[in-house]
Protein chains: 2
Amino acid sequence: MEALKQRIRTSGRALNSQVLLVDMFLNNQVDCALMDEIGEEFKRLFEAEGVTKVVTIESSGIAPAAMTSLRMGVPMIILKKATSVILSDGILQTEVFSFTKRTSYQLTLKTEFIQPGERVLLIDDFLANGEAAMGASKLIERAGGKVVGIGAVISKNFQPGMQRLKEAGYNVKSLAEIVNMGEGFVEFADNEGEKA
Amino acid sequence: MEALKQRIRTSGRALNSQVLLVDMFLNNQVDCALMDEIGEEFKRLFEAEGVTKVVTIESSGIAPAAMTSLRMGVPMIILKKATSVILSDGILQTEVFSFTKRTSYQLTLKTEFIQPGERVLLIDDFLANGEAAMGASKLIERAGGKVVGIGAVISKNFQPGMQRLKEAGYNVKSLAEIVNMGEGFVEFADNEGEKA
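Residue numbering note: each chain is counted from 1, following its sequence as written. Numbering of ligands from 1 and lettering of chains from A proceed in the order in which they are written. At least 70 in pLDDT is required for a residue's local features to be given in this predicted model, at least 80 for side-chain atom pairs to be given and counted, and no such filter applies to totals for whole chains, interfaces and linings, which use all residues. The basis for every side-chain value is the complete set of heavy atoms in the structure, and neither hydrogens nor water enter the calculation.

Peer 1: What exactly am I supposed to notice about the relation of the copies chain B and chain A here?
Peer 2: Between the two copies of the chain lies a relationship made up of a rotation around an axis and a movement along it. Superposition record for chain B on chain A: RMSD 0.0 Å, screw rotation 180°, translation along axis 0.0 Å. On this basis, the relationship between the two copies can be described by a two-fold rotation axis. Relative to the rotation axis, the C-alpha of B:Ser59 is the closest in chain B, positioned 2.8 Å from it. Contact between two residues is taken to exist if any of their heavy atoms lie within 4.5 Å; hydrogens are not considered. In this assembly the copies share their binding face: 100% of the residues contributing to the interface of chain B also contribute to that of chain A. Only residues with pLDDT of at least 70 in both copies count here: their C-alpha atoms drive the least-squares fit that superposes the copies.

Right, dumping it as structure tokens:
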């Protein structure tokens, strides 16, 4: 998605080979007009999948997922990050390790929101190691749903997440596939015929 | 806002005189078409104020604030809830006590996103004791911004927040003002000529 890549080039801040700050337009200050374009693009990519729910993970995924949900005309479900195990009927949890924050959290789903047979599109801001997306997919499947698509706003393809999800059989799309980065530069994959 | 009150009546779950669950359409599963109507309504209520930024608090405020930001054509800023004090240039924090969770957190603003003179509309899902809104307003003002409006999706007017914010001089609007509630019932204020 060219508008997004252009924004990453102009407003993103690559600190080193691992960390890309996008807090000017995606994570902290949010350009909701761009999020709306992102929602349209995810709709275009996944509308053939018969999606019944958009699922995301709090809190950076919420804005792009909300626009996708609005454009696709299906509800959004927010998976919460709990700090402790909740033993309660109707609650499913799985532990997710965050490489960014170096801590674990309990990704939490209320099962009433995912009915058996539900066709789920999972949307998140970043795909890096794939821990969050794998955990979320596991929860959705334990509730009886089917993950028919995974959409990342930005993927760091030089980290293992994209490969892991594809090998697990998921239909994964990223709107900005980064193949290499370092202090002050970001290099995108040559998707849609575009050279970064 | 009648569509919202109707949804609270049909899908909200008042557990007792204090707790209203709206996790079917606002907090956990989110009806983004309704959020879009909410965004339109906040735009209508505050568009005369010359708003330059919409500010919200993670994570339940993000969906309605994102739609307000989209409709008003200004960026959204997400105030983060940190668990510890961050001593860093460009970071402002204030402690907020959550009556719901019985714990405190450090509400956190990156000052680069609020320029002096910025005209801020603060949007949150619930207004109850007003702790979060007062804390957020304080941060915005410390950064040099002016809080030109505070919009709550739902206010519990029998709790002190609405009164506190009005007494502090803020222009506060709520789309669903609850004056009384108990197990299985919710009573709305007679605003806009509507009887609940």
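Further notes follow.
Peer 1: So what exactly am I meant to see when it comes to the pattern of salt bridges here?
Peer 2: Side-chain pairs of opposite charge can arise whenever the charged atoms involved come near each other. Should a side-chain nitrogen of Lys or Arg be within 4 Å of a carboxyl oxygen of Asp or Glu, the pair is scored as a salt bridge. Counted under the stated rule, the structure contains 20 salt bridges over all chains. The residue A:Arg7 makes a salt bridge to A:Asp31 at a minimum N-O spacing of 2.6 Å. Placement of the pair is A:Arg7 in helix H1 (residues 2-11) and A:Asp31 in the loop between strand S3 (29-30) and helix H2 (32-46), with a sequence separation of 24 residues. Given the relative accessible area of 25%, A:Arg7 is considered partly exposed. Residues B:Lys110 and A:Asp23 are paired through a salt bridge, measuring 2.3 Å at the closest nitrogen-oxygen approach. Of this pair, B:Lys110 sits in strand S7 (residues 103-110) while A:Asp23 sits in the loop between strand S2 (20-21) and S3, which puts the two residues in different chains. Only protein chains enter the accessibility calculation, which uses a 1.4 Å probe; a residue is then buried when its area is under 20% of its type maximum, exposed when over 50%, and partly exposed in between. Classification of B:Lys110 by relative accessible area gives partly exposed; the value is 23%. Put simply, DSSP marks the helices as runs of H or I at least four residues long and the strands as runs of E at least two long, and each gets a number from the N terminus on.

Peer 1: Any chance you could explain the interface of chain B and chain A here in plain terms?
Peer 2: In this complex, chain B contributes 29 residues to the contact, which on the side of chain A involves 29 residues. With both sides pooled, the region where chain B packs onto chain A buries about 2,400 Å², and carbon together with sulfur makes up 55% of that total. Counting across the interface, chain B meets chain A through four salt bridges. Polar contact is the term for a pair of N or O atoms within 3.5 Å; when the atoms are in protein, one must be able to donate a hydrogen and the other to accept it, and sequence-neighboring residues count only if both atoms are side-chain atoms. Between chain B and chain A we count 12 residue pairs in polar contact (both at pLDDT 80 or more) in total. Take the side of chain B that touches chain A: its biggest share by element is seven residues, from helix H3 (residues 62-72) of chain B. Partitioning the side of chain B that touches chain A into residue classes produces 14 nonpolar, six polar and nine charged. Pairing between strands requires that DSSP locate at least two bridges from one strand to the other. When strand S5 (residues 76-82) of chain A meets strand S3 (residues 29-30) of chain B, the two strands line up antiparallel, connected through two bridges. For A:Met76, the partnering residue across the bridge sits in S3(B) and is B:Val30. Buried area is a sum: the accessible area each of two parts loses on coming together, probed at 1.4 Å, counted once for each and added. Note on residue classes: Ala, Val, Leu, Ile, Met, Phe, Trp, Tyr, Cys and Pro are nonpolar, Asp, Glu, Lys and Arg are charged, and everything else, Gly too, is polar.

Peer 1: Can you help me understand the nonpolar core in this one?
Peer 2: Within soluble globular proteins, side chains that are nonpolar generally end up buried alongside one another. Counting 74 residues, the largest nonpolar core has A:Leu4 and B:Leu4 as the members making the most contacts within it. Non-local contacts of B:Leu4, meaning those with residues more than four positions away in its chain, are made with B:Phe25, B:Leu34, B:Ile38, B:Val153, B:Leu175 and B:Ala176. Remark: nonpolar core denotes a set of buried residues (Ala, Val, Leu, Ile, Met, Phe, Trp, Tyr, Cys) joined through side-chain atoms within 4.5 Å.

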